[in-house]
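Okay, here's what each chain looks like letter by letter:
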Amino acid sequence: MVVLISGTGSNMAALLEASRDPGYGAGVVAVGSDRKGTRGIELAEEAGVPTFVVPFRDYTDRSLWNAAMAERISEHRPDLVVSAGFMRILGPAVIGSHPAVNIHPALLPSFPGAHAVRDALAHGVRITGTTIHFLDEGVDSGPIIDQVAVPVEDDDDESSLHERIKGVERRMLVDTVGRLAREGWTIDGRQVRFGRTEQ
Ligand code: GRF
């Protein structure tokens, strides 16, 4: 898999750790980002994983940026793209070429978008959580693969709640990606396994 990140990359680091076990069924071939100098890219470099950065600001137009991103991803020939804390919308150039999943810190379809934890708190929900879903061209709108609920505590602020959600996300992401790698998945009635489609 190629893992895409924009920040600290703790979910990506959990995937790296899990894939050290040969029985896990998947490995990280590269880590990509839209931002230079992030902790996540540093972590990947320290682990000896190839990295690439395609800064959004270097492109005059979103579709040119998407095309550059797609090209860099394809160089690594991944069977799966994992968006884990990647804060930009991926267009058809990327998601038309590779199956892709995203992890989101809320129980979709509630609270899509970049401020999911803040929005859930502001709404006063007592239970929120995390969702892993296939990417489509919408914002946090693709088919849901798995969800885990996280209760909101009375004294939670955005940061304490997000940290608790991230602890749950790391386990769910590792479990789900491992399961997709070992068992495959179904798209439009076709069984897909890493690297091949069965009719
Ligand atoms: C996670 O909560 C993820 O769901 C959201 O951004 C956060 C990334 O955290 N999209 P990290 O960079 O993996 O630590």
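Residues numbered from 1 in each chain as written. Predicted model: local features only at pLDDT ≥ 70, side-chain atom pairs only at ≥ 80, totals over all residues.

1. Some remarks on the site of the ligand
Right, on to step 1. Surrounding the ligand, one finds 15 residues, the nearest of these being T8, S10, N11, G85 and P105.
Right, on to step 2. Counting residues per element, the ones that place at least two in the shell around the ligand are α1 (10–18), β5 (100–104) and α6 (158–183).
Right, on to step 3. Top contributing element to the shell around the ligand by residue count: α6, with 3 residues.
Right, on to step 4. Here the residues of the shell around the ligand sort into 5 nonpolar, 8 polar and 2 charged. (Near = placed C-beta within 6 Å. Helix = DSSP H or I, 4+ residues; strand = E, 2+ residues; numbered from the N terminus. Nonpolar A, V, L, I, M, F, W, Y, C, P; charged D, E, K, R; others polar.)

2. Examining the UniProt feature "active site" (unreviewed entry) in the protein
Right, on to step 1. When the UniProt feature table is mapped onto this chain numbering, "active site" (unreviewed entry) sits at H104.
Right, on to step 2. Mapped onto the fold, H104 is located in strand β5.
Right, on to step 3. When neighbours within four sequence positions are excluded, H104 is seen to be in contact with A116, T130, T131 and D140. (UniProt positions renumbered as here; feature names shortened; annotations may be inferred. Contact = placed C-beta atoms within 7 Å.)

3. Thoughts on the pairing of β5
Right, on to step 1. The element β5 is extensively covered by neighbouring structure, given that 5 of its 5 residues are classed as buried.
Right, on to step 2. Relative to β5, strand β4 (residues 81–84) runs parallel, the two sharing 4 bridges. Residue pairing in the sheet places S83 in a bridge with N102 of β5.
Right, on to step 3. Note: β5 against strand β6 (residues 127–134), 4 bridges, orientation antiparallel. Bridge pairing in β6 links I103 to I132. (Buried ≥ 20, exposed ≤ 12 C-beta atoms within 10 Å, placed from the backbone. Pairing = 2+ DSSP bridges.)

4. Some words on unusual backbone geometry
Right, on to step 1. Cis rather than trans, the peptide bond between L108 and P109 has omega equal to 10°.
Right, on to step 2. Secondary-structure assignment places P109 in the loop between β5 and α5 (116–123).
Right, on to step 3. For R77, which is not a glycine, the phi torsion comes out positive at approximately 45°.
Right, on to step 4. When you line up the elements, R77 lands in the loop between α3 (62–74) and β4.
Right, on to step 5. We classify R77 as exposed; it has 11 C-beta atoms within 10 Å.
Right, on to step 6. The residue D140 is not glycine, and still its phi comes out positive at about 55°.
Right, on to step 7. Structurally, the position occupied by D140 is in the loop between β6 and β7 (144–151).

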